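# Structural description and commentary
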Amino acid sequence: MWISRLSLRNYRSYPELDLEFEPGVTTFVADNGTGKTNIVEAIGYLAHQRSHRVAFDAPLVNESAQTATVSALVNRDQRHATVEVSIQSKGANRARVNRSPVKMKEILGLVSCVVFAPEDLSLVRGEPAERRSWIDTLVVSRNPRYASVITDFERALKQRNALLKRLREERDPGLEATLDIWNMAYADSASELVFGRQKILADIVEPLQNNFAYIAADARLERQGIKARYDSRIDYSQVESAAECRELLLAALERRRTTEIERGLTLHGPGRDDLALTIGDHPAKGYASHGETWSLALAMQLAGWDLLSSDAGSAAEQPVLVLDDVFAELDTGRRSRLASRITEAEQVFITAAVDGDLPKGLEGRKIGQERLLP
């Protein structure tokens, strides 16, 4: 798929911006602070309904307005659709497709996009929540119905934790009886999410390994191999269905019932799990060099793009690929290998501060500072 037109209204630094694109590579080259990252962030927002830079939406709305609008004309062969999101500084966001109002969840999948940005170094260095968010984004991108599963899980977890805190203060038998009800509700959605993550991980391991080996081709042989494993207090390694995940989770909740009440906190489930990443014989977190960290984070996002592209089956359904200020941090060899890799995508957006940050020979349309200034 590719985006032929992008319109921003009161989005971050842009009171108004309209851009037209073609398939292939488009580079935004301008000084830092010009607003180029705002543009690719807006494209990612249409795909994922969240920013890759901030955890909430208020900063996306220009300070002079209450609503920001992002609209894109999306093309898949002969099919075209205008997808629009109105982001509220306060209140619920709204969506439209071809000018007709729809629910926000109904636009998931209409814009497919994989974003790599400097913030993604936290996939390797950061806390487990960063890696959970990465794999959950892939789960939803692959199957948008999981957005509702995650919403149900987060709601059940919040209610269950609230009940556990009350039981910690007052061990009332009648109140405790309701814990079994919330265990069931929690396990229903949690087990679906865990199994969705397991399926993604099983399918992404090979492209993840291949991408890392390719990008880090000049590293020592023993530092070119990586492993990725779902890390949980519950052993899900033999499960073949969400129902089996559910039984294991319910059994774990029952075993830790007293401890959870004493602590007033849920101790098992997808909100406590992690993705264990290993380079060679050592954990990536804490052991990876700066270059290895960049290479692994980049390999993770490229593997996600490979997986979604494979599911799509044709260039008409491939995700758009966004590289936000990435090349400046890579050495010459990694720049060249990455540049040859991204040409497989139907449409690529790249931001850079100066032309020198881009690989030599990278072809495509360039949008300069004069066009990007608000």
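Preceding block: the structure.
These figures come from a predicted structure and were not determined experimentally.

## Observations concerning helix α6 (residues 242–255)
With 14 residues, α6 extends 20 Å from end C-alpha to end C-alpha; this agrees with the ideal 20 Å at 1.5 Å per step. For α6, the full list of buried residues reads Cys245, Leu249, Leu250, Ala252 and Leu253. Along the axis of α6, the buried positions cluster into a sector of 160°, meaning they face one direction only. Residues of α6 that are buried sit in contact with α4 (146–169), α5 (173–215) and α7 (257–263).

## A word on α4
Along its 24 residues, α4 runs 35 Å from first to last C-alpha, staying within 8% of the 34 Å computed at 1.5 Å per residue. Of all the positions in α4, only Tyr146, Ala147, Val149, Ile150, Phe153, Ala156, Arg160, Asn161, Leu163, Leu164 and Leu167 are classed as buried. Those residues of α4 that are buried are in contact with α3 (128–142), α5, α6 and α7.

## Looking at the nonpolar core
One finds Leu296, Leu323 and Leu338 to be the most contacted residues of the largest nonpolar core, which totals 70 residues. The greatest single-element share of this core, amounting to 12 residues, is contributed by α5. Sequence-distant contacts of Leu323, that is, excluding residues within four places in its chain, are made with Phe116, Leu298, Leu338, Ile342, Phe349, Ile350 and Thr351. Residues Val70, Ile87, Val111 and Cys113 belong to the second largest nonpolar core, which totals 40 residues.

## Points about the pattern of salt bridges
Applying the stated criterion across every chain yields a total of 26 salt bridges. Glu317 serves as the salt-bridge partner of Arg79, at 2.5 Å between the closest nitrogen and oxygen. With Arg79 in strand β5 (residues 79–88) and Glu317 in the loop between α9 (290–312) and β12 (320–324), this pair connects stretches of sequence that are 238 residues apart. The closest approach of N and O atoms between Glu247 and Arg246, which form a salt bridge, is 3.5 Å. Residue Glu247 is classed as partly exposed on the basis of its relative accessible area, which comes to 49%.

## Some words on the packing of α3 against α5
For the pair α3 and α5, the least separation of the axes is 9 Å and the interaxial angle reads 90°. On the basis of their axis angle, the class for α3 and α5 is roughly perpendicular. Only Leu193, Gly196, Arg197, Lys199, Ile200, Leu201, Asp203 and Ile204 of α5 make contact with α3, whose side of the interface consists of Arg132, Trp134, Ile135, Asp136, Leu138, Val139 and Arg142. When the residues that make up the contact of α3 with α5 are grouped by side-chain class, the tally is eight nonpolar, one polar and six charged.

## A few points about the pairing of strand β6 (residues 94–97)
Covered by surrounding structure in β6 are Ala95 and Val97 only, the residues Arg94 and Arg96 on the alternate face being uncovered. Summarising the sheet, β5 and β6 pair through four bridges and their orientation is antiparallel. Bridge pairing links Glu84 to Arg96 in β6. Turn length for the β5-β6 hairpin, with the two strands adjacent in sequence and antiparallel, is five residues, and the turn residue Gly91 shows positive phi of about 100°. Pairing of β6 with strand β7 (residues 100–102), which is carried by three bridges, proceeds in the antiparallel orientation. For Arg96, the partnering residue across the bridge sits in β7 and is Pro101. Here β6 folds back onto β7, and the loop between the two strands holds two residues, one of which, Asn98, carries a positive phi near 50°.

## A look at the sheet that holds strand β2 (residues 14–20)
Either a parallel or an antiparallel arrangement is found when strands of a sheet pair, and the pairing is made through backbone hydrogen bonds. Strand order in this open sheet of six strands is β2-β1-β4-β5-β6-β7, and the pairing throughout is antiparallel. The open sheet has two edge strands, β2 and β7, and neither has a second partner. Direction aside, the axes of adjacent strands within the sheet are offset by 20° on average. Against the sheet, helix α1 (residues 36–48) touches β1 (2–11), β2, β4 (67–76) and β5, its axis set at about 110° to β1.

## Focus: the sheet that holds strand β14 (residues 365–368)
The strand order across the open sheet formed by five strands is β8-β12-β13-β3-β14, and the pairing between neighbours is parallel. Both outer strands of the open sheet, β8 (113–116) and β14, are each paired with one neighbouring strand and no more. The average angle at which neighbouring strand axes cross in this sheet is 15°, direction not considered. Judged from the four bridges that link them, strand β3 (residues 24–29) and β14 form a sheet pairing that is parallel. Across the sheet, the residue bridging to Thr27 is Lys366, located in β14.

## What to know about the pairing of strand β13 (residues 347–352)
Counting buried positions along β13 yields six of six residues, so the element is predominantly enclosed. What you see with β13 is no split at all: Gln347, Phe349 and Thr351 on one side and Val348, Ile350 and Ala352 on the other are buried throughout. Sheet analysis places β3 next to β13, joined by six bridges and oriented parallel. In the strand pairing of β13, Thr26 is matched with Phe349. Handedness of the crossover is the feature at issue here: the chain leaves β12, passes through helix α10 (residues 332–342), returns alongside β13, and the resulting connection is right-handed.

Reading the values: rules and limits
Residues numbered from 1 in each chain as written. Predicted model: local features only at pLDDT ≥ 70, side-chain atom pairs only at ≥ 80, totals over all residues. Heavy atoms only, no water. Helix = DSSP H or I, 4+ residues; strand = E, 2+ residues; numbered from the N terminus. Expected span 1.5 Å × (residues − 1). Buried < 20%, exposed > 50% of the residue type's maximum accessible area, 1.4 Å probe, protein only. Arc of directions from axis to C-beta. Contact = heavy atoms within 4.5 Å. Core = buried A, V, L, I, M, F, W, Y, C linked by side-chain atoms within 4.5 Å. Salt bridge = Lys/Arg side-chain N within 4 Å of Asp/Glu carboxyl O. Axes fitted to C-alpha atoms, helices over the stretch in contact; angles between N-to-C directions. Parallel < 35°, antiparallel > 145°, perpendicular 65-115°, else oblique. Nonpolar A, V, L, I, M, F, W, Y, C, P; charged D, E, K, R; others polar. Pairing = 2+ DSSP bridges. Right-handed = clockwise from strand over helix to strand, strands pointing away.

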